[in-house]
Each structure stands twice: as structure tokens, then as C-alpha cells.
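# Observations on the model geometry
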Amino acid sequence: KPANILIGHYGEVLLVDWGLVKILGESTEPTDAGPVQTDQSLQPDLATRFGAVAGTVGFMPPEQANGQTDRIGPASDVYALGAALWYVLTGLIPRKLDTLAARLHALPRVDGALRDICLRAMATDPDDRPQSAGRWSEQLGRWLRGARAQAQAAASAQRAELAILALPLEQQRQVRIWCLRIVDPEGRVSSLPVHESQRASVQPLLDTGLFKQEQGGLTFADPTLPDTWSRLKTWMIDHAEQHLQLHALASATRDWMRAQRSDRLLWTDPDVV
């Protein structure tokens, strides 16, 4: 349960209260064995007897709550982890939600993929859950990496918007033209060759932080901008014809230079279109 998961001063995760730990492979048949010896076993109310139903309601899986000790296994730990995640996401104890529909309703603002990861871990039947905490952790880790990437992309798009708003209108127009050169109509990002004669005019673009030089060419500092920056998407729609022409000229320039026909660009005036 969440109360037994602690975060240390250096970000380490600590698990406490191991009084109900079950060692896999041991007999699950009830016996007349005495209390399990723990550091709290001298307190009668806290002593754990083999085969007894014990745990925190809402955070123990159905098989544990129903006394089905033969079904307790790694998937039971997965349920407990899912229930802890549920509590983190909602602030609610899972036992207060009886149906799947109610569970889904309790997570309206949580990302759908994360909701599915949580609910799969809390499946009533152990066979329907990930079969180990490691597998469930991998699923959650993939979601976290994706969410982190999305957050970084959104932050990059916000920085791009702030950068463009800080520029004079004429320089905003220059940024638009270079953006439409670098990204093709399908949203693919490339590197645009920069001729020596253009370096002075390109430097202010680099100063915005939107672009970077790569192998002698100019490209986006963040290649996700065509997918995340709404202003760039609007430019691609509102200036579709110009975009096609700019991209065609940029492609012709790259082909010309690859063929080593000249070390000069086919055109150097950004207002050629």
C-alpha cells in the first residue's frame, strides 16, 4: 500500500513493513503453526498467522482477500502495485469503486494508456494481469518514457512560439521561409545547404534557438517541431503553394550540390518565390 512506499532523501524508493511477505515455493496449506517471527511479533495484535487472511482492504488482490492462498503469486504483487498507482492517480482507495465502469469514470483526466496499464494490473483474475512486477514495470516504463518525450516536445514547441513572438515581423517572415524550406509537405525534416554568402543572414536564425547547423546545413534544433508547433502547421497550410515551390527548390539545390556540379547554390535569395 502507498503508506509502505517511502521516498528517500536521494530519490531512492524504500519498501517497509514486510510482515505479510510470502515466500514462493512454500506450502500454502493452513497449519497450526505459531506466529511468524518478525520484529513486531511480540505485539499480539500484529502477529501474522500462516494461512490467515490479512492485509489492507483495497490494496490486496481478490485472491488474497478471499483466502485463496493457492492462487497468491507474482500477479498478486502486480495487483498491489496497480492499486498503489490507482491511489496516486485518483487519491481514492480502490475498494470504494465496485465496477469497471466506475473505475474508468474515476480516471477521466488520466492518459488512456496509463489508465489501461493501471486497470490491467488490477484485473480480478490473476491470469489477466501481467505475470510479474518486472513485466508490469516495463509497461509503465515505456509509458513514462513516451510521456517524458511528449512533455519535452511540448516544451520545445512553447519555446519556439516564444522565440518567434520576440522577433520583428520581417524576421518572423524570414523564419517562416526557412522553416518551409527545411520541412517537406509531408512533415519530414531535412538539412538545407547554406552557402558561404548566406552565413551572415543565417546567424540571426541560429540566435533564435529554432535552428542548428548540421554538416554544413541548416535544420531544426528540435526535429519534432513539425508535429508539435501549431504555428508551423498553420504556415504549412496557409502557404501550401509557396511551401511546395520552396521545397522543390531546396531539393534541387541539394541534388545539384551532391552531383558536385557547383559549390554555389542554385539560388540565394529567400524571396525568390
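From a predicted model like this one, the values you see are computed outputs, not experimental measurements.

In terms of regular secondary structure, the protein is built from 10 helices and 5 strands. Within the protein, the proportion of its 273 residues that are buried is 33%. Summarising the internal contacts of the protein: among those between residues at least 6 apart in sequence, 56% fall at separations of at least 24.

With 75% of its residues at a pLDDT of 70 or more, the protein shows a mean pLDDT of 79. Below a pLDDT of 50 lies the segment residues 45-50, which in the model reaches 15 contacts outside its immediate sequence neighbourhood of four places, other chains included. Predicted confidence is poor over residues 266-273, with pLDDT under 50, and the contacts of this stretch with residues over four places away or in other chains come to 22 contacts.

Taken together, the side chains of I5, I7, V13, L15 and W18 present a nonpolar region at the surface, about 540 Å² in accessible area. Among the secondary structure elements, those contributing two or more residues to the nonpolar patch are β1 (5-7) and β2 (13-15). Among the structural elements, W18 can be located in the loop between β2 and α1 (62-65).

Core analysis: the largest hydrophobic core is formed by 28 residues, its most contacted members being V175, F211, L218, W229 and L232. When residues of this core are traced back to their parent elements, those giving at least two are α5 (133-165), α6 (169-182), α7 (199-207), β5 (217-220), α9 (230-238) and α10 (240-258). Among the elements that line this core, the one with the most residues is α6, at 6 residues. Setting aside anything within four residues of it in sequence, one finds W229 in contact with A157, A160, E161, I164, C179, L210 and W235. Core analysis: the second largest hydrophobic core is formed by 15 residues, V78, Y79, V110 and L140 among them.

The end-to-end C-alpha distance of α5 is 48 Å, a good match for the 48 Å that 33 residues give at a rise of 1.5 Å each. Taken together, the buried positions of α5 are W136, L140, G141, A153, S156, A157, A160, A163 and I164. Those residues of α5 that are buried are in contact with α2 (74-90), α4 (112-121), α6, α8 (225-228) and α9.

Considering the arrangement of structural elements, one finds I177 in helix α6. On the basis of relative accessibility, which here comes to 1%, the residue I177 falls in the buried class. As a C-alpha pair, I177 and W235 span 58 residues in sequence and 9.3 Å in three-dimensional space.

A few words on the pattern of salt bridges. One side chain can pair with another of opposite charge once the charged atoms of both are near each other. Tallied over the full model, the rule gives 8 salt bridges. For R231, the salt bridge goes to E161, with nearest N and O atoms at 2.6 Å. Taken together, the residues R231 in helix α9 and E161 in helix α5 connect sequence positions 70 residues apart. Using a relative accessible area of 22% as the deciding quantity, one classes R231 as partly exposed. On the basis of relative accessibility, which here comes to 22%, the residue E161 falls in the partly exposed class.

The N-to-C vectors of α6 and α7 enclose an angle of 95°; their axes lie 11 Å apart at closest approach. With respect to α7, the axis of α6 lies roughly perpendicular. Of the residues in α7, those in contact with Q171, Q174, V175 and W178 of α6 are V202, P204 and L205. Each residue belonging to the contact of α6 with α7 can be placed in one class, and the counts come to 5 nonpolar, 2 polar and no charged.

Aromatic ring pairs: the centre-centre distance and the angle between the two ring planes describe each pair. All chains considered together, the criterion is met by 3 aromatic pairs. Considering the side-chain rings of F59 and Y87, the 6.1 Å spacing of their centres and the 70° angle between planes classify their relative orientation as edge-to-face. Taken as a pair, F59 in the loop between β2 and α1 and Y87 in helix α2 lie far apart in primary sequence, 28 residues in all. When its relative accessible area of 10% is taken as the criterion, F59 is described as buried. Between the aromatic rings of W229 and W235, the centroid separation amounts to 5.5 Å while the plane-to-plane angle is 70°, which identifies the pairing as edge-to-face. Like W229, the residue W235 is buried in the burial classification.

The rules behind these values
Residues numbered from 1 in each chain as written. Predicted model: local features only at pLDDT ≥ 70, side-chain atom pairs only at ≥ 80, totals over all residues. Heavy atoms only, no water. Helix = DSSP H or I, 4+ residues; strand = E, 2+ residues; numbered from the N terminus. Buried < 20%, exposed > 50% of the residue type's maximum accessible area, 1.4 Å probe, protein only. Contact = heavy atoms within 4.5 Å. pLDDT = per-residue confidence, 0-100. Patch = residues over 30% accessible without salt bridge, like charges linked within 9 Å, V, L, I, M, F, W, Y side chains within 5 Å. Areas by Shrake-Rupley, 256 points an atom, 1.4 Å probe, with all protein chains shown as cover. Salt bridge = Lys/Arg side-chain N within 4 Å of Asp/Glu carboxyl O. Core = buried A, V, L, I, M, F, W, Y, C linked by side-chain atoms within 4.5 Å. Expected span 1.5 Å × (residues − 1). Axes fitted to C-alpha atoms, helices over the stretch in contact; angles between N-to-C directions. Parallel < 35°, antiparallel > 145°, perpendicular 65-115°, else oblique. Nonpolar A, V, L, I, M, F, W, Y, C, P; charged D, E, K, R; others polar. Phe/Tyr/Trp six-rings, centres within 6.5 Å; stacked < 30°, edge-to-face > 60°.

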